[in-house]
Amino acid sequence: MNIDGENLVRLDQWKNQKREGNFSDYLKVLSFNDLINESDSLMDQLKRSEEVEDLFSKTRVMMNEFTLRLEKESRHLADSVKDLKKSIEDKLH
């Protein structure tokens, strides 16, 4: 064990990364229509929830999936989603 803590990872960071990875894997197997339905559900949760940190994390992961899929179809649409994602992240920080 390193006394300086350089090799240590905070447990909450590890949990968040694991949760985001699992959610990302889930989104990858959805059809595009199901992905849109999932995003609608997430938007509804955002509108009525007090706990936004986890939901914003899911939103970031979902937008990454949209971007990956759209890059194959339309670079312009993918760039628009990236801009929207950056705008959301800027508002969070």
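Residues numbered from 1 in each chain as written. Predicted model: local features only at pLDDT ≥ 70, side-chain atom pairs only at ≥ 80, totals over all residues. Heavy atoms only, no water.

(A) Structural view of the packing of aromatic side chains. A complete count under the given rule lists two aromatic pairs for this structure. For the pair Phe32 and Phe66, a centre-to-centre distance of 5.7 Å together with 85° between the ring planes defines the contact as edge-to-face. Of the two residues, Phe32 sits in helix α2 (residues 32–48) while Phe66 sits in helix α3 (residues 52–73), which places them 34 residues apart along the sequence. Residue classification places Phe66 among the buried residues on the basis of a relative accessible area of 14%. Over the face of the ring belonging to Phe23 we find Lys58, whose NZ or CZ atom lies 5.4 Å from the ring centre. (Phe/Tyr/Trp six-rings, centres within 6.5 Å; stacked < 30°, edge-to-face > 60°. Helix = DSSP H or I, 4+ residues; strand = E, 2+ residues; numbered from the N terminus. Buried < 20%, exposed > 50% of the residue type's maximum accessible area, 1.4 Å probe, protein only. Lys NZ or Arg CZ within 6 Å of the ring centre and 35° of its normal.)

(B) Quick peek at the nonpolar core. Grouped together as the largest cluster of nonpolar side chains are 14 residues, with contacts concentrated most on Phe23, Leu27, Leu35, Met62, Phe66 and Val81. Sorting the residues of this core by element identifies α1 (11–28), α2, α3 and α4 (75–92) as the ones contributing at least two each. The element contributing the most residues to this core is α3, with six residues. In contact with Leu35, not counting residues within four places along its chain, are Leu27, Leu30, Met62, Glu65, Phe66 and Arg69. (Core = buried A, V, L, I, M, F, W, Y, C linked by side-chain atoms within 4.5 Å. Contact = heavy atoms within 4.5 Å.)

(C) Region of the structure containing the pattern of salt bridges. This structure, assessed with the given rule, holds seven salt bridges. A salt bridge links Glu71 to Arg75, with the shortest nitrogen-to-oxygen separation between them at 3.1 Å. Here Arg75 falls in the partly exposed class, since its relative accessible area comes to 46%. As a salt-bridge pair, Glu71 and Lys82 come within 3.0 Å of each other at their nearest N and O atoms. Here the residue Glu71 occupies a position in helix α3, and Lys82 occupies one in helix α4, the gap between them amounting to 11 residues. (Salt bridge = Lys/Arg side-chain N within 4 Å of Asp/Glu carboxyl O.)

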